[in-house]
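Take a look at the letters that make up each chain.
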Amino acid sequence: VKTATDKAGEPRTTSGAGFDSLFDDCFESMKRLAFLLGADDPENIAQEAFVRLHARWATLTDEDRATAYLRRTVVNLSRSRLRHLRVVRRSPREPDRMAASAESLALGNQAVWDSLALLTPRQRQVLVLRYWLDLDQQAIADTLGVAVGTVKATTNQAMTVLRTALAKEEIR
Amino acid sequence: MNDRDDLEDRLRATLHDRAHTVPRSQRPRADLDVRLVRRDRRRPFLMVAAAAVVIGAVAVPVVVTHRDEPVRQTPAATPPPPKWVELTQVTENGVDEQVGLSVDPDDKGWCISVRTAGAKPAPNACYGVPVWGDEVVPSRYITAVGVLGPVQGGGSTGSMLFVTAPRVDSLVVLGKDGVAGEVREVLRRPGAVYFFVRFAEGPMTSVHATARDRKGEQVDSGNF
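Going along each chain's sequence as written, the residues are numbered from 1 onward. Here chains are named by letter from A upward and ligands by number from 1 upward, in the order in which they appear as written. Reporting in this predicted model follows two pLDDT cut-offs: at least 70 for local features of residues, and 80 or more for side-chain atom pairs to be given and counted; totals over whole chains, interfaces and linings ignore these cut-offs and use all residues. Excluding hydrogens and water, the side-chain values take into account all heavy atoms of the structure.

### Things to note about the packing of helix α1 (residues 17-36) of chain A against helix α6 (residues 121-131) of chain A
All names here are of chain A.
So, point 1. At their nearest, the axes of α1 and α6 sit 10 Å apart, and the two run at 145° to each other. The element α1 and its partner α6 pack so that their crossing is right-handed. Listed contacts from α6 to Leu33, Phe35 and Leu36 of α1 are Arg124, Val128 and Leu129.
So, point 2. Ten residue types, Ala, Val, Leu, Ile, Met, Phe, Trp, Tyr, Cys and Pro, are classed as nonpolar, four, Asp, Glu, Lys and Arg, as charged, and the remainder, Gly among them, as polar. Partitioned by chemical class, the residues of the contact of α1 with α6 number five nonpolar, no polar and one charged. The axes are straight lines fitted to the C-alpha atoms, using for helices just the contacting stretch, and the angles between their N-to-C directions are given from 0 to 180°. To qualify as a helix, a DSSP run of H or I must reach at least 4 residues; to qualify as a strand, a run of E must reach at least 2; elements of each kind are numbered from the N terminus. For any pair of crossing helices, the crossing counts as left-handed if the nearer helix is rotated counterclockwise from the farther one by less than a right angle, and right-handed if it is rotated clockwise. Contacts are assigned to residue pairs with any non-hydrogen atoms lying within 4.5 Å of each other.

What follows is the structure, given as structure tokens:
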């Protein structure tokens, strides 16, 4: 996942090349982040995150902060979207445009993917930020607005849930 | 390699593989520009609206004083939407539940909600009312969502809610083999019209909707 640390020296303007290049570099990864967090409309969430970033562009002093702001916004938007969909058992099966193709499903580990659905939203966020975005614990804590200790504990809990679920799956 | 490392590797590989199943957007920058234009358009509108209130407060007494003409009544504000419009009823695991539509007081969003007898409605899924017929993107005047998926112990339903632009007067929805859905207009608001559509045959994988205005002219059509 590309970050924008190499463009930190650009001047901040309300729009322009800096924002445009950040959009080009990060839009797809932010959309994927929303998808991995379980959002049903990742495109919309990524777009909304950039709209909000655009409004705050002049106040962000460097692109590291801009990227962190984007990540935080995507996580928060995904969480609130999931809250709206909390009665998911009642939701209809819409044509899933983001559904993986049969070929791509074969690429991934279906059991691991299914097990992610057993996690709480916070546990899933921690794992996605760590194992997909490769963020360190401090960056995860900053993104989620929690203490580093909470990140460690949540990671351990999440891994335990996954390990247990996968063990059950293998017994079957 | 120990179990922890193995699980971490599997997790990392799974997330990366899954992330790559998300198709690239066709024209994300154009979509962003549309959103930014909408946002910027709303701000001046709000300022103009605020200014209009101030001017109205000053100008009306002047008119009354100097012309001595009957004061024209300002049109009554649009009444707020009803808190709940029932769409259908279902029985799940022996429990009777009502499924309804609730629209935000500002008409900018709406939810499909579920409630049992005596309880407050619980929002199931919420959506924003779109900006209809935006001139930047190809005009679209219809959106649709399924209302209910399979109901545990209660069979399946083929219910959808269509939300259209206010200029839409009628809607025809056809399922597979051209079978027509039963269309009921449940609510008409300044920002949108809400149609409940039910297929007796059950859920449809794809339907085709055609919206017409009062004169019978086609406003929009599409597959959902």
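### Concerning the confidence of the model for chain A
Residues and elements named next belong to chain A.
So, point 1. Scored from 0 to 100, pLDDT records how confident the predictor is in each individual residue. Summary statistics for chain A give a mean pLDDT of 77 and a share of 73% for residues scoring 70 or more.
So, point 2. Under a pLDDT of 50 for its full length, residues 1-14 has, in the predicted model, 29 contacts with residues more than four places off or in other chains.
So, point 3. Throughout residues 83-108 the model reports pLDDT below 50, and contacts reaching past four residues in sequence, or to other chains, amount to 46 contacts.

### Thoughts on helix α8 (residues 148-171) of chain A
So, point 1. To estimate how far a helix should extend, the number of its residues minus one is multiplied by 1.5 Å. For α8(A), built from 24 residues, the straight-helix expectation of 34 Å at 1.5 Å per residue is met to within 8% by its first-to-last C-alpha distance of 35 Å.
So, point 2. Burial classes: relative accessible area under 20% of the type maximum marks a residue as buried, over 50% as exposed, and values in between as partly exposed (1.4 Å probe, protein chains only). All of the buried residues in α8(A) are Val151(A), Thr154(A), Thr155(A), Ala158(A), Met159(A), Leu162(A), Ala165(A) and Leu166(A).

### Things to note about the pairing of strand β7 (residues 170-174) of chain B
All names here are of chain B.
So, point 1. Residue alternation in β7 divides its side chains into a buried set, Leu171 and Val173, and an unburied set, Ser170, Val172 and Leu174.
So, point 2. What makes two strands pair is DSSP finding at least two bridges between them. Pairing between β7 and strand β10 (residues 208-212): five bridges, direction antiparallel. Opposite Val172, over in β10, you have Thr210 as the bridge partner.

### Observations concerning the packing of aromatic side chains
So, point 1. Aromatic contacts are taken between Phe, Tyr and Trp rings whose centres are within 6.5 Å, Trp giving its six-membered ring; a plane angle under 30 degrees counts as stacked, one over 60 as edge-to-face, and the others as tilted. Applying the stated criterion across every chain, the model contains seven aromatic pairs over all chains.
So, point 2. Ring geometry for Phe35(A) versus Trp113(A): centroids 5.8 Å apart, planes at 20°, classification stacked. Linking Phe35(A) in helix α1 with Trp113(A) in helix α5 (residues 110-116), this pair joins segments that are 78 residues apart in sequence.
So, point 3. Three or more aromatic residues link up through ring pairs in this structure, and these residues are Phe19(A), Phe23(A), Phe27(A), Phe50(A) and Trp57(A).
So, point 4. Directly above the aromatic system of Trp113(A) lies the positively charged group of Arg124(A), at a separation of 5.4 Å from the ring centroid.
So, point 5. When the NZ atom of lysine or the CZ atom of arginine is within 6 Å of a ring's centre and also within 35 degrees of its normal, the charge is said to sit over that ring. For the cation-ring pair, Arg29(B) lies above Phe23(A), with the distance from its terminal atom to the ring centre recorded as 5.5 Å.

### Section: the sheet that holds β7(B)
Backbone-to-backbone hydrogen bonds pair the strands of a sheet. The strands run either parallel or antiparallel.
Residues and elements named next belong to chain B.
So, point 1. The sheet built from three strands is open, its strands ordered β7-β10-β11 with antiparallel pairing. Of all strands in the sheet, those with a lone pairing partner are β7 and β11 (218-223), marking the two edges. For this sheet, the mean angle separating the axes of adjacent strands, direction not counted, is 10°.
So, point 2. Judged from the five bridges that link them, β10 and β11 form a sheet pairing that is antiparallel. For Arg212, the partnering residue across the bridge sits in β11 and is Gln218.

### Considering the pattern of salt bridges
So, point 1. Salt bridge, as applied in this entry: a Lys or Arg side-chain nitrogen positioned within 4 Å of an Asp or Glu carboxyl oxygen. In the structure shown here, the tally under the stated rule is nine salt bridges over all chains.
So, point 2. Ionic pairing is found between Lys31(A) and Glu43(A), a salt bridge with its closest N-O pair at 3.8 Å. Highlighted residues: Lys31(A) in helix α1 and Glu43(A) in helix α2 (residues 42-56), separated in sequence by 12 residues.
So, point 3. Its salt-bridge partner being Arg12(B), residue Asp134(A) comes within 3.7 Å of it at the nearest N-O pair. Highlighted residues: Asp134(A) in the loop between α6 and α7 (137-144) and Arg12(B) in helix α1 (residues 3-19), drawn from two different chains.
So, point 4. A single salt-bridge network, built from bridges that share partners, covers Asp20(A), Arg29(B) and Asp33(B).

### Examining the nonpolar core
So, point 1. Buried Ala, Val, Leu, Ile, Met, Phe, Trp, Tyr and Cys residues that are joined via side-chain atoms within 4.5 Å together make up what is termed a nonpolar core. By size, the foremost hydrophobic cluster in this structure holds 54 residues, and its most contacted members are Leu33(A), Phe50(A), Leu53(A), Leu127(A), Leu11(B) and Leu15(B).
So, point 2. The greatest single-element share of this core, amounting to 10 residues, is contributed by α1(A).
So, point 3. Look past the residues within four positions of Leu53(A) in its chain and what remains in contact with it is Phe19(A), Leu22(A), Leu60(A), Ala66(A), Tyr69(A) and Leu70(A).
So, point 4. With 37 residues, the next largest nonpolar core counts Leu87(B), Phe162(B), Val186(B) and Leu187(B) among its residues.

### Digging into the environment of Glu182(B)
Residue and element names in this part refer to chain B.
So, point 1. Mapped onto the elements, Glu182 comes out in strand β8 (residues 182-188).
So, point 2. In sequence terms Glu182 and Val172 are 10 residues apart; their C-alpha atoms lie 8.6 Å from each other.
So, point 3. Ignoring any residue separated from it by four or fewer positions in sequence, one finds Glu182 in contact with Phe196, Val197 and Arg198.

### Re α1(A)
Residues and elements named next belong to chain A.
So, point 1. In this model α1 runs 29 Å from its N-terminal to its C-terminal C-alpha over 20 residues, within 8% of the 28 Å that 1.5 Å per residue would give.
So, point 2. The angle between axes fitted to the seven-residue stretch ending at a residue and the seven-residue stretch beginning at it gives the bend at that residue. Approximately 45° is the largest bend angle found in α1, and it occurs at Cys26.
So, point 3. Among the 20 residues in α1, 16 count as buried, and that is most of the element.
So, point 4. Positive phi appears at Gly38, one or two residues downstream of α1, with a value of about 100°.

### Things to note about the confidence of the model for chain B
Note that predicted coordinates carrying low pLDDT should not be read in detail.
Residues and elements named next belong to chain B.
So, point 1. Here chain B shows a mean pLDDT of 73. Residues at 70 or above account for 69%.
So, point 2. Element-level mean pLDDT values for chain B span from 52 in helix α2 (residues 28-67) up to 95 in β8.
So, point 3. Every residue in residues 42-75 scores below 50 in pLDDT, and together they form four contacts with partners more than four places removed in sequence or on other chains.
So, point 4. Across residues 150-156, confidence stays below pLDDT 50; counting only partners more than four residues off in sequence or on other chains, it has 15 contacts.
So, point 5. Two numbers describe this predicted complex: its pTM, 0.52, and its ipTM, 0.79.

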